[in-house]
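The chain contents come next:
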Amino acid sequence: MKIIKAKTYKDMSRKAANIISAQVIMKPNCVLGLATGSTPIGLYEQLIDWYQKGDIDFSEVTTINLDEYRGLSGDNPQSYRYFMDEHFFKHINIRPENINVPDGTNLDVQAECTRYDHLIMDKGGIDLQLLGIGNNGHIGFNEPDSAFELGTHCIDLLESTIEANARFFENEDEVPRQAYTMGIKTIMQAHKVLMIANGKNKAAILKEAFLGPVTPRVPASILQMHPDFTLIGDEEAMSEMNL
Ligand code: F6R
């Protein structure tokens, strides 16, 4: 586990963008696992900036997103697919056919989960998986539980996650109650995993996840076992890590 302390959100975003950029330069046809949320917005902005300056080329890259709300289509502004289009995909030269997000409109849980797992296998797995972390230690939508869920699955969102996500919706009632998420095994099989975290509200969970025991009660803690895991946090997020 490598832990990199960044000064600010911008510094965290640039450092993480450098790692993704290096991955794309070293392997232009790589498979990137991507995340949504507030944390990676600055990182995507940085990558867009480098793309516009001609420093990075996404024409051969494949992306596989972590999760999507069940029931929302990609043109719904609250969907994760829409978020990715707005914050990243429509600003770079990725081929539309190389973009993969769970299909929220496929309500057949078994069919969608199997499709997504096969897709990841067919692409040869994930070269670099980007992650944020929930206040409760979730990664993707792998919520605290008594066991680690391995493959893509459909979850009922916890009340704490619904509350945390309500800021993106008109009101809490509009937050979907279920989501498709890549499982822990798939995340652990990525060749490299990069987590970014910023802000005071992530300080306690980072300490618990990476200085505490490995447990499905704190899903991110499993990353302690990953052979190539890097955490980049800003000063506030790292404030309880005693580094
Ligand atoms: C998003 C995802 C989530 C977020 C986490 C942190 O695709 O999988 O696990 O990474 O909820 O969200 P933010 O970045 O909004 O604090």
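Each residue is numbered by its place in its chain's sequence as written, counting from 1. Only residues with pLDDT of 70 or above have their local features reported here, since the model is predicted, and side-chain atom pairs are shown and tallied only from 80 upward, although totals for entire chains, interfaces and linings are computed over all residues. For side-chain calculations, the full set of non-hydrogen atoms in the structure is used, while hydrogens and water are omitted.

Student: In this structure, what is going on with the pairing of strand β9 (residues 192–197)? I would like to understand it.
Tutor: Residues in a regular strand point their side chains to alternate faces of the sheet. A simple rule labels every residue: compare its accessible area, found with a 1.4 Å probe on the protein chains alone, to the largest value its type can have, and call it buried under 20%, exposed over 50%, or partly exposed in between. Secondary structure is summarised from DSSP: a helix means a run of H or I of at least four residues, a strand means a run of E of at least two, and numbering begins at the N terminus for each. Of all the six residues making up β9, five are buried; the element is thus mostly covered by neighbouring parts of the structure. Following DSSP output, two strands are said to pair if at least two bridges run between them. Across four bridges, the pairing between strand β6 (residues 128–131) and β9 is parallel. When the bridges of β9 are listed, Leu128 appears paired with Lys192. Pairing analysis gives five bridges linking β9 to strand β10 (residues 229–233), with the strands arranged parallel. The partner of Ala197 across the bridge, within β10, is Gly233. Assignment of crossover handedness uses the view with strands pointing away from the viewer, where a clockwise path from the first strand over the helix to the second indicates a right-handed crossover. Chirality of the crossover, the property in question, places the unit of β9, helix α7 (residues 203–211) and β10 among those that are right-handed.

Student: Is there a simple way to think about the nonpolar core in this case?
Tutor: Take the buried residues of types Ala, Val, Leu, Ile, Met, Phe, Trp, Tyr and Cys, join any two whose side-chain atoms come within 4.5 Å, and each joined set is a nonpolar core. Ranked by internal contacts, the top residues of the largest apolar core, which has 31 residues, are Ile139, Met195, Leu206, Phe210 and Leu223. Elements with a contribution of two residues or more to this core: α4 (109–122), α6 (184–189), β9, α7 and β10. It is α7 that contributes the most residues to this core, four residues altogether. The contact criterion used is simple: two residues touch if any of their non-hydrogen atoms lie within 4.5 Å. For Ile139, the contacting residues outside a window of four places in its chain are Leu131, Gly132, Ile184, Ile187, Met195, Pro219, Ala220, Ile222 and Leu223. If you look at the next biggest cluster of nonpolar residues, it comprises 30 residues, including Ile20, Phe88, Ile94 and Leu128.

Coordinates in, geometry out; function isn't part of it.
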